[in-house]
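An overview of the molecular structure
So the chains spell out like this:
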Amino acid sequence: MGRYLIRRVLQFVPVFLGATFLIFSLVFLIPGDPIRALSGDRPMPASVQQALEARYNLDKPFWQQYYLYVAGVVQGDFGEDFRGREVTDIMRERIPVTFKLAIYAFTFEVAIGIAAGIMAGLRKGGFIDNLVRISTLIVISIPIFVLGFMAQLLIGVRWGWLPVSGLGDGFKSYILPAIVLGSTSLAYIARLTRTSLAENMRADYVRTATAKGLKRSRVVGVHALRNSMIPVITFLGVDLGGLMGGAIITEGIFNLPGLGNAVFRAVVQQEGTVVVGIVTFLVLIFLLSNLVVDVLYAVLDPRIRYE
Amino acid sequence: MATEAKESTKSSIEELEFNPHAPLLEVDDLHVEFRTRAGVVKANDGVTYSLGEGETMAIVGESGSGKTVSAQAVMGIIDSPPGYITKGAARFRGVDLLALPEDERRAFRGEKMAMIFQDALSALNPLFRVGWQIAEMYRQHRGTSKTEARKKAIELLDRVRIPAAKERVDSYPHEFSGGMRQRAMIAMALALDPEVLIADEPTTALDVTVQAQIMKLLADLQAETGMGMILITHDLAVVAEVTDRAAVMYAGRIVEQGTTKQIFRASYHPYTLGLMNSIASPEQKGTKLIPIPGSPPDLLHLPSGCPFHPRCVYAQDICSVDRPPLRDLGDNRKSACHFAEEVGTGAK
Amino acid sequence: MSDFRQAEAVTETETVAPPVTEEVEEEVQKPIEGPPPGATTSLWSDAWKELRTSPLFLVSLGLVVLFIVMAIAPQLFTSTDPRACSLSNSLERPSSEHWFGFDLQGCDYYARSIYGARISMAIGVTVIGFAAILAVILGSISGYYGGWLDSVIARLTDIWFAIPTILGGIVILSLLGERGFFQVSFVLVILGWPTMLRLYRSSVLSVKEMDYVEAARALGASDFRILLKHILPNAITPVIIYAAISIGVIIAAEAALSFLGVGLQLPAISWGLMISGAQTRILQAPHLLLFPGLFLSLAVFGFILMGDALRDALDPKGR
């Protein structure tokens, strides 16, 4: 276990460096004047341009630029916007919103997704199974922004069940956005759980568990389910990336002042530094969550950890 | 939860009216079907046998002959769908298991009857420690405490001769060798001192030297406990060595039955004879091995009459029309062949 | 829009690469029993027999064909010019003459919805086509030769996986001044290739151990010939299933990027742009959201359903 952990952490470092390098070079090596790209279409006084060049170390060689950028990120410096405000300040007040939204969405998708997947997987080919199969495909097919607007229009405005904009109602404000954000992943989790459980129910060790005289609830709940969760756990790691992309859209639609909303606005207002700063932060969170998922994976599956 | 399990297991089995004079296990006219997309397969088509205390019985046959299915039906672990028991009985000391409600059937498994499987690597749960999987028997059936169950698991591992059982109890299945895994399976099956042990090809996946050790272990344990054992195998050498009686299965039916000695002395069914001729044995040194001609039957489209007739050197016209019943030939032996006597006395 | 790598989940468990190193991966994944060379055709013909009678597949086929025809020949569906707009019709609700009503500029919304299919389908097919070519070339090298090249490619994909698609798309596209079909497709290929590559690589790994590949090698066939004639036909199936699903996912990703304002730009006619234009007016004119949303969802549904039906028919394990 220890060696596995150390190796995973060691693998994390080059991937983090590679990813930040990729983002960095994309932003700063794109043909044309990088400062002009950062400022978008707005005209820029020469003094500002020089100040920015100095701030982003553009007068230095590329490798040094990258080094200084990464060193900044490691120390928690994600740059500044054009009004001179630290990106970390922007993030600090927005992180709780996005964090709550993500946690609610995650809880919703995991709870309902796994439950639906289990019901479908235990009776493959039955009514519930077909219902889950088709309904999840439909949910996957409806892009999140279409789903978001539809939910806003029907549930929020037409029927008035839940708040549709802003944070005025505390927890209630998060319900609809969280459901919209989690719905696609919910469908994927349900499908994965379903196939995985149906496959494991046919496995030899599940037959052994039955032959041991264990209750069916234990055969399914302890023996089959734990094995079935392995691919689901793997998916959850990937899924966090999806949630972040989704949060940008969901927070935009429901007007929640989170990180996604900040990116959304920064894109519209063409604030390149804010976009890059927050995206770098999100990638970092994504990588760290994947590390956690890997550890979880090893906890679940001893064959991995003892390798 | 654990105490609950203890009570339900004990009480539900104890209330049953066992007849101490009835045979330990009696399988009577068992019919099992598999309903697949391609059609209905009769995996067991009227299987009858009985097993006494302290007795070892072999069920011999090729893969697809229905030998494993009959054992799974008795254990109550057939995948359903597609498998269904359509007729017959399996009586344990006179109590028909197939008529019991699922809750009582479940209590039977592990407690009175246990099964070990061919491939211990896939039959053990890869995610749990071996000791935990053994201890689970005590915890779930008897409500034993965690520490007590673990102690018993170590004892069992010791009993199946796993060296350094104290350390090994915390290993995972993939850290064991093939032979050790099979020993752990055996330990798990014997945890609650079952009266019937079904061993489904327990040595097929193992190296030859390990095979002998495992068979010896099983024989020793049986002698110690006096349980009845059903050994499912295709290996006649194993049958000759450790079993008292044997039933040979072909295409879902028993085609020959008798004591192992009788069958090895003289087979009364051409299929058994074919099996004998196709293995090497020291007595037959120098003689040619004769494989059975043809291939195992397609269970979806069984030949008419005797299902073995297309491969049978004794076949006459009647064989393709009339299915021979399992006849009593006296002296406790049975054969399902129209020409059993000719086959047995070597008239051809 | 969620990340299109999630689409892996639809193509069954084995395609979700476990987050472990290559050695473990090979150990844990049981090699998929590949069919002998002659069996490829029978695998597909068996699958076709099953697909022909599968209602889900027929529905998906109908939808896919419908949208392809719509993309190639929109004139078949409408004689109205989607760019002939009159402000006097602005935001008019649907009527018997104009089923889908009009948008803010007073353009016929039905015509625009029909013409919107073209760019979505073009981007979906182009992106997946290029990603598949990249995947087959790099996956062949990586899976067949192994060694340091394999390690380099594996580490590269690790890095790529660290950047979620929509996030990466936003960063790159927001920096580009001009964004059309070419730029959006390019970015989606750049961000989308690693998944397919991994899929094809693991497929190559299991196929290359097959006896008929060994036999071909023993007979002195060149590596190129083995990869093309023996491995490709047998290893491509999971990529095809994944490709069908991914076209749907790419269409949705393009719409999401356009919706966010970093994808296609006006005057292009795209469902994502139409929905983006509708967002401030969904209360007065819900039809502006409904119709492009419906077209978009149906197109995505068609491809995803097709991939699902293909997998059911081609994966003998699931039967």
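Quick notes on the rules
Residues numbered from 1 in each chain as written. Chains lettered and ligands numbered in written order. Predicted model: local features only at pLDDT ≥ 70, side-chain atom pairs only at ≥ 80, totals over all residues. Helix = DSSP H or I, 4+ residues; strand = E, 2+ residues; numbered from the N terminus. Buried ≥ 20, exposed ≤ 12 C-beta atoms within 10 Å, placed from the backbone. Contact = placed C-beta atoms within 7 Å. Nonpolar A, V, L, I, M, F, W, Y, C, P; charged D, E, K, R; others polar. Expected span 1.5 Å × (residues − 1). Axes fitted to C-alpha atoms, helices over the stretch in contact; angles between N-to-C directions. Parallel < 35°, antiparallel > 145°, perpendicular 65-115°, else oblique. Left-handed = near helix turned anticlockwise from the far one by under 90°. Core = buried A, V, L, I, M, F, W, Y, C linked by C-beta atoms within 7 Å. Pairing = 2+ DSSP bridges.

**A few points about the overall build of chain A**
- Scanning chain A for helices and strands turns up 13 helices and zero strands.
- If you list the helices and strands of chain A from N to C, you get α-α-α-α-α-α-α-α-α-α-α-α-α.
- Taken across its 307 residues, chain A has 47% of its residues classed as buried.

**Digging into the interface of chain A and chain C**
- Listed as interface residues are 61 residues of chain A and, on the opposing side, 51 residues of chain C.
- Breaking the side of chain A that touches chain C down by element, the ones donating at least two residues are α1 (2-29), α6 (127-141), α7 (144-158), α8 (171-201), α10 (216-253), α11 (259-268), α12 (272-300) and α13 (302-305) of chain A.
- No other element matches α10(A), which puts 13 residues into the side of chain A that touches chain C.
- Considering only residue class, the side of chain A that touches chain C consists of 42 nonpolar, 14 polar and five charged.

**Here we look at the interface of chain A and chain B**
- With 21 residues of chain A at the interface, the matching set in chain B holds 25 residues.
- For the side of chain A that touches chain B, the secondary-structure elements that each account for two or more residues are α9 (204-211), α10 and α13 of chain A.
- The element best represented in the side of chain A that touches chain B is α9(A), accounting for six residues.
- By residue class, the composition of the side of chain A that touches chain B is seven nonpolar, five polar and nine charged.

**Structural notes on the environment of B:Gly131**
Residues and elements named next belong to chain B.
- Looking at where Gly131 falls in the secondary structure, it is placed in helix α5 (residues 130-142).
- Gly131 gets classed as buried once you count the C-beta atoms within 10 Å, which come to 24.
- Sequence separation of Gly131 and Val169 is 38 residues, and the distance between their C-alpha atoms is 4.4 Å.
- With residues near it in sequence (within four places) discarded, Gly131 still touches Arg150, Ala153, Val169 and Asp170.

**Structural notes on helix α4 (residues 62-74) of chain A**
- Compared with an ideal rise of 1.5 Å per residue, which puts 13 residues at 18 Å, α4(A) spans 18 Å between its outermost C-alpha atoms and is within 8% of the ideal.
- In the segment just after α4(A), A:Gly76 is the residue with positive phi, at about 85 degrees.

**Some thoughts on the packing of helix α11 (residues 271-278) of chain C against helix α12 (residues 287-314) of chain C**
Residue and element names in this part refer to chain C.
- Running from N to C, α11 and α12 cross one another at 155 degrees; their axes reach a closest spacing of 9 Å. Taken together, the axes of α11 and α12 lie roughly antiparallel to each other. For the pair α11 and α12, the crossing hand works out as left-handed. Contacts between α11 and α12 pair Trp271, Met274, Ile275 and Ala278 from the former with Leu288, Leu289, Pro292, Gly293, Phe295 and Leu296 from the latter.
- In terms of residue class, the contact of α11 with α12 is built from nine nonpolar, one polar and no charged.

**Some details on the nonpolar core**
- Formed by 166 residues in total, the largest nonpolar core has its most connected members in A:Val263, A:Val279 and C:Ile170.
- It is helix α10 (residues 237-260) of chain C that provides the largest number of residues to this core, a total of 17 residues.
- Those residues in contact with A:Val279 that sit more than four places away from it in its chain are A:Ile23, A:Val263, C:Leu167, C:Ile170 and C:Val171.
- Grouped together as the second largest cluster of nonpolar side chains are 109 residues, B:Leu124, B:Leu157, B:Leu236 and B:Val248 included.

**Regarding unusual backbone geometry**
All names here are of chain B.
- The backbone of Asp29 sits at a positive phi, close to 55 degrees, despite the residue not being glycine.
- Looking at where Asp29 falls in the secondary structure, it is placed in strand β1 (residues 25-36).
- A positive phi angle, near 50 degrees, is found at Arg93, a position not held by glycine.
- Residue Arg93 is classed as partly exposed on the basis of its 18 C-beta neighbours within 10 Å.

**Observations concerning the pairing of strand β2 (residues 39-51) of chain B**
All names here are of chain B.
- The sheet contact formed by β1 and β2 spans 10 bridges and is antiparallel. Considered in β2, the bridge of Val27 is made with Tyr49.
- Count of turn residues in the β1/β2 antiparallel hairpin: two residues.

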